[in-house]
Amino acid sequence: MFRTRSRTRTTALASLAVAGVLLLSACNGDDTAADSAAPAGGSAAPADATGFAFKSGTAQQNNADLNAGDLATNAAPAKAAAEKKPVVRKWVQLSAGKAGALDPVVINGAGFTLYRFDKDTADPSVSNCSGECATTWPPYLVAPGGRVFIDGVDKSAIGFIKRDGAFQVTIGGWPVYLFSKDTKPGDTNGQGVGGTWFGVTPDGQKAGEAGGGTDGGDGGTDSGTGGQAAGSVVLFEGPAFAEPAEGVAGPGCQNVRFSGSLRMTGSAKIWDGPDCTGTSKTVEGDIPDLAAIGFPAVKSIRFSN
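Scoring rules and cut-offs
Residues numbered from 1 in each chain as written. Predicted model: local features only at pLDDT ≥ 70, side-chain atom pairs only at ≥ 80, totals over all residues. Heavy atoms only, no water. Helix = DSSP H or I, 4+ residues; strand = E, 2+ residues; numbered from the N terminus. Buried < 20%, exposed > 50% of the residue type's maximum accessible area, 1.4 Å probe, protein only. Pairing = 2+ DSSP bridges. Axes fitted to C-alpha atoms, helices over the stretch in contact; angles between N-to-C directions.

Thoughts on unusual backbone geometry
The step from aspartate 103 to proline 104 runs through a cis peptide bond, and the omega angle for that step is 10 degrees. Of note, the amide linkage connecting aspartate 123 to proline 124 takes the cis form, showing an omega dihedral of 10 degrees. Position of proline 124 among the secondary structure elements: in the loop between strand E5 (121-122) and strand E6 (125-126). One non-glycine residue, alanine 240, lies in positive phi territory at about 60 degrees. Here alanine 240 lies in the loop between strand E12 (232-238) and strand E13 (242-249). Residue classification places alanine 240 among the exposed residues on the basis of a relative accessible area of 58%.

Looking at the sheet that holds strand E18 (residues 300-303)
Read from one edge to the other, the open sheet built from four strands follows the order E14-E18-E16-E17, with strand pairing classed as antiparallel. The two strands at the open ends of the sheet, each matched to only one other strand, are strand E14 (252-255) and strand E17 (277-284). Across this sheet, the average inter-strand angle for adjacent strands is 25 degrees, counted without regard to direction. Direction of pairing for strand E16 (residues 267-273) relative to E17: antiparallel, over a ladder of six bridges. Bridging from a neighbouring strand, serine 267 pairs with glutamate 284 of E17.

Here we look at the sheet that holds E12
Taken together, the three strands give an open sheet; going across it, the order is E13-E12-E15, and neighbouring strands pair in antiparallel fashion. Strands with a single pairing partner mark the edges of an open sheet, and in this sheet they are E13 and strand E15 (261-263). For this sheet, the mean inter-axis angle between neighbouring strands, taken without regard to orientation, is 25 degrees. Taken together, the three bridges between E12 and E15 define a ladder with antiparallel strand orientation. Within the sheet, the bridge partner assigned to leucine 235 lies in E15 and is leucine 262.

What follows is the structure, encoded as structure tokens:
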């Protein structure tokens, strides 16, 4: 009888141990399931799951290897686009700063503007830019376990989604990108392109829009501006907003290359000569056909702000 009770008790203890192992497995799971969940609203939870190290201040202030992150040669937008392969950094830097007419806007450690795409979603965080789109707009990627230097951007706004064997940074839930036609720090050539690309603010909104921008809308198609001065314009090579397109921001006179149509919130003056010379005309809001208003070849534009 005594031996029978011992055997029964041993069996019960073994069953409890197995149940405990199963319970721990269910709680901790495999990392794939946890990591694949897209962060809603810029949740930092996936960062903790993958071991990212957040550091206050800039990469230089933290003595980071400058060749391993944003300042690496292949991390420049034009270089990344030319090589047509993902650039995965060991560290990234997110700084609240100013670029062109965009203030505030998030720039990386090399001073390049970070952008968001209206066709993506923020809740859940999903990127809808791949293939040729991702060549033109390289996703901003950091290696698993990499370092994230935060300089004026709240940690709670930063998240990550799995991509290309690494993680794409999100701000306010929005996946962020660089633009291949930004060739030097401070460029904002991607602002307003296609009516869907905008610099991203530290809280994930659209940079350059009144009140910090909104998640909806089409990036400034309202022509009822009441005389408000424009700070940027998107110029399209063909009429009816046919791409390719180029975003240009002020202040002052800017030379341009496209002249089929334009999208703009506010007013600016266009010229048929470079450096704001020749015949000029003040325009406001969207112009679907520049030739129809007597400007088949716009060579420059002046912003009053």
